[in-house]
Amino acid sequence: MPDQTTLSPQDLFERIGTPDCPVIVDVRTDDDFDADPRLIPVAIRRPGLAAADWAEDFKDRSVAVYCERG
C-alpha cells in the first residue's frame, strides 16, 4: 500500500493543473522565503508554526506542505 503521507516531487509536478492536485502550502519562514521568493505554481503561503490555526481550512482536501528545512 502506498504511503499516504508522502508525494514525490515528480508526482506533485504531474498533478499541478489537474483536478487531482492537492492544495500546495509553502510554510517556509519569512527569512527563507526572502532568500528565495519563488513559489511552486498555485502554492499558497502559510506560517508553519501556526498550522493548527489554518489546517482546518483544508480539512476536506489533500494538502502538500513544503518548507526549506524539512
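Placed above this text is the structure.
Model, not experiment: these values are computed from the prediction. (Residues numbered from 1 in each chain as written. Predicted model: local features only at pLDDT ≥ 70, side-chain atom pairs only at ≥ 80, totals over all residues. Heavy atoms only, no water.)

Caption draft 1: Representation of the side chain of Asp 26 within the structure. Looking at the secondary structure, you find Asp 26 in strand 1 (residues 23-26). Setting aside residues no more than four positions away along its own chain, Asp 26 makes contact with Phe 33, Leu 39, Ile 44, Arg 45, Arg 46 and Tyr 66. (Helix = DSSP H or I, 4+ residues; strand = E, 2+ residues; numbered from the N terminus. Contact = heavy atoms within 4.5 Å.)

Caption draft 2: Structural view of the sheet that holds strand 1. Ordered by their spatial adjacency, three strands build an open sheet running 2-1-3, and the pairing between neighbours is parallel. Edge positions in the sheet fall to strand 2 (44-45) and strand 3 (63-66), since each of these pairs with one other strand and no more. As paired strands, strand 1 and strand 3 are joined by four bridges and run parallel to one another. Note that in strand 3 the partner of Ile 24 across the bridge is Ala 64. (Pairing = 2+ DSSP bridges.)

Caption draft 3: Here's a closer look at the nonpolar core. With six residues, the main nonpolar core is built from Val 23, Val 25, Val 27, Ala 50, Trp 54 and Phe 58. In contact with Val 25, other than residues within four places in its own chain, are Ile 44, Arg 46, Trp 54, Phe 58, Val 63, Ala 64, Val 65 and Tyr 66. Core analysis: the next-biggest nonpolar cluster, separate from the first, contains five residues, Leu 12, Cys 21, Ala 43 and Ala 64 among them. (Core = buried A, V, L, I, M, F, W, Y, C linked by side-chain atoms within 4.5 Å. Buried < 20%, exposed > 50% of the residue type's maximum accessible area, 1.4 Å probe, protein only.)

Caption draft 4: Summary view of the packing of aromatic side chains. As enumerated under the stated definition, the model contains one aromatic pair in all. Judged by centre distance (6.1 Å) and plane angle (75 degrees), the ring pair of Trp 54 and Phe 58 falls under edge-to-face. Positioned above the aromatic ring of Phe 33, the side-chain terminus of Arg 45 is 3.8 Å from the ring centre. (Phe/Tyr/Trp six-rings, centres within 6.5 Å; stacked < 30°, edge-to-face > 60°. Lys NZ or Arg CZ within 6 Å of the ring centre and 35° of its normal.)

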